[in-house]
Amino acid sequence: MNAKVILALAWVGLLDFDTQGAKPESLEVTHTTPRTTPAFPLKLSADRRYLIDQNNQPFLVIGDSPWSLIVEPTPAQVDLYLDNRAAKGFNLLLVNLLEHKFCTQPPKLRDGTAPFTINGDFATPNESYFRYAEEIARKASERGIALLLCPAYLGYGGGDEGFFTELSHCGPDKVRAYGRYVGKRFRNHPNLIWVVGGDFTPPPDQRWTVEQVAAGIREEDTVHLMTVHCGPGDSAATLYGGRPWFQLNNVYHYREDLYAACLEQDARLPRWPYFLIETAYEGEHKSTPDRIRRQAYWPLLSGAFGILYGNSPVWHFGSRGVYDRGGDWVAALNSRGAQDMARLD
């Protein structure tokens, strides 16, 4: 069989390399051509179908999901991670500004710095914590990487993985003030897209936990794009498309025929620019290399402006995940899935 045909079939998962005697490692991708650093902040194209930078250059999102990047790795490990992802062509990272569960000592940084001077009180932000978070944003920007920053992750089902309970106890005024606080702090970091919510669609009478954060941010930051991370299978545009802060739609689904969910969003009227924000991660949900490739390729062929990939243990940096604890996240930086994502660029 022609070598190019083998590579093409293998990429979309129609051919298993093992049956052909080829080794995945022999196909490792390294980028040798220097990239032009994007001129942040990102904005929508004139036809509102994809992202462009301030020089009107298209920005194809090839993203990773290191949710615990701010709280778990040491500063030196942050540099290691960012250098690895930049070398592979990743240009957007989904990161929690606050971490409720998935780190060594939640919600504190690795050095013990807490995000609030009163635990769980969003009206008492700790300057030292947020100053460090800004440093992570700056480091990413230096490498031409944008952050998809989640300011107050709600948690799957509104449970103990996130801050839904704390937000509910704080009330709308404190939550909106927190939105203003982070909006003001991060508005001058150009490499940002905001993502409110987080793995949960609250009941209608509690959606203020999403909307007050978003509204507070928008009062201070009118520049950066914004989207929302709903519960699996829920349409962000259907739930929040009428809100003045909502600009980007997304797909979050675990279905095997992921292309169908993408085509549904591509065909919706009015059409919103959309991307794949989450699906099965490498190392979870019994995912296979061919499924990881399909999940990357299908959205791009269905009209999405980009995709986010994820890996366990990378997303929690070996602390604790949903299905596992520990794991060699440094070795996983060069996983089969990460190498395949590099081929998208």
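Located above this text is the structure these notes cover.
Residues numbered from 1 in each chain as written. Predicted model: local features only at pLDDT ≥ 70, side-chain atom pairs only at ≥ 80, totals over all residues. Heavy atoms only, no water.

> Describe the overall build of the chain, and please don't skip the residues or the numbers.
Secondary structure assignment for the chain yields 12 helices and 10 strands. For a compact globule of 345 residues, the expected C-alpha radius of gyration is about 20 Å, and the chain comes in at 19 Å, within 12% of that figure. For the chain, the spread of C-alpha atoms along the principal axes amounts to about 65 × 45 × 40 Å. If you sum the accessible surface of the chain, you get close to 14100 Å²; carbon and sulfur atoms cover 51% of it. (Helix = DSSP H or I, 4+ residues; strand = E, 2+ residues; numbered from the N terminus. Rg over C-alpha atoms; globule rule 2.2 N^0.38 Å. Areas by Shrake-Rupley, 256 points an atom, 1.4 Å probe, with all protein chains shown as cover.)

> So, the packing of helix H3 (residues 75-88) against helix H4 (residues 127-142): which residues are in play, and what are the values?
Running from N to C, H3 and H4 point in directions that differ by 30 degrees, and their axes come no closer than 11 Å. For the element pair H3 / H4, the angle class is roughly parallel. Note that H3 runs across H4; the crossing there is right-handed. Where H3 abuts H4, its residues Pro 75, Val 78, Asp 79 and Leu 82 lie against Tyr 132, Ile 136, Lys 139 and Ala 140. For the contact of H3 with H4, a count of residues per class yields six nonpolar, no polar and two charged. (Axes fitted to C-alpha atoms, helices over the stretch in contact; angles between N-to-C directions. Parallel < 35°, antiparallel > 145°, perpendicular 65-115°, else oblique. Left-handed = near helix turned anticlockwise from the far one by under 90°. Contact = heavy atoms within 4.5 Å. Nonpolar A, V, L, I, M, F, W, Y, C, P; charged D, E, K, R; others polar.)

> How would you sum up the pattern of salt bridges? Please name residues and give values.
If you walk through the whole model with that rule in mind, you get 24 salt bridges. Where Lys 101 meets Asp 160, a salt bridge forms, and the shortest distance between an N and an O atom there is 3.4 Å. Taken together, the residues Lys 101 in the loop between strand E4 (92-96) and H4 and Asp 160 in the loop between strand E5 (146-150) and helix H5 (164-170) connect sequence positions 59 residues apart. A salt bridge links Glu 256 to Arg 291; the shortest N-O distance between them is 3.5 Å. Within this pair, whereas Glu 256 is found in the loop between strand E8 (249-252) and helix H9 (258-267), its partner Arg 291 is found in helix H10 (residues 289-301), the two being separated by 35 residues in sequence. Judged by its relative accessible area of 54%, Glu 256 falls in the exposed class. With a relative accessible area of 9%, Arg 291 lands in the buried category. (Salt bridge = Lys/Arg side-chain N within 4 Å of Asp/Glu carboxyl O. Buried < 20%, exposed > 50% of the residue type's maximum accessible area, 1.4 Å probe, protein only.)

> Go over the state of the cysteines, please, and point to the residues and values.
Under the definition given, this model contains zero disulfides. The thiol of Cys 103 is unpaired, and the distance to the nearest cysteine sulfur, on Cys 150, comes to 14 Å. No disulfide involves Cys 170; its sulfur sits 16 Å from that of Cys 150, the nearest cysteine. Owing to a relative accessible area of 16%, Cys 170 belongs among the buried residues under this scheme. (Disulfide = S-S within 2.5 Å.)

> Give me the packing of aromatic side chains: which residues, what numbers.
What the rule picks out here adds up to 22 aromatic pairs. With a centroid separation of 5.0 Å and an interplanar angle of 75 degrees, the aromatic rings of Phe 164 and Phe 200 are classed as edge-to-face. Residue Phe 164 is found in helix H5, and its partner Phe 200 is found in the loop between strand E6 (192-197) and helix H7 (208-220); the two are separated by 36 residues along the sequence. On the basis of relative accessible area, Phe 164 is assigned to the buried category, the value being 8%. By relative accessible area, Phe 200 is classed as buried at 13%. Three or more aromatic residues joined by ring pairs make a cluster, and in this case those are Phe 116, Phe 122, Tyr 129, Phe 130, Phe 163, Tyr 178 and Tyr 181. (Phe/Tyr/Trp six-rings, centres within 6.5 Å; stacked < 30°, edge-to-face > 60°.)

> Could you give an account of unusual backbone geometry, naming the residues involved and the relevant values?
Pro 41 follows Phe 40 through a cis peptide bond whose omega is 5 degrees. Position of Pro 41 among the secondary structure elements: in the loop between helix H2 (17-20) and strand E1 (43-44). Omega for the peptide link from Pro 106 to Pro 107 comes to 0 degrees, which places this bond in the cis form. Take Pro 107: it is sitting in the loop between E4 and H4. With a phi close to 65 degrees, Asp 199 is a non-glycine residue in the positive phi region. Tracing the chain through its elements places Asp 199 in the loop between E6 and H7. The phi angle at Lys 286 is positive, at roughly 55 degrees, despite the residue not being glycine. For Lys 286, the position within the fold is in the loop between strand E9 (274-278) and H10.

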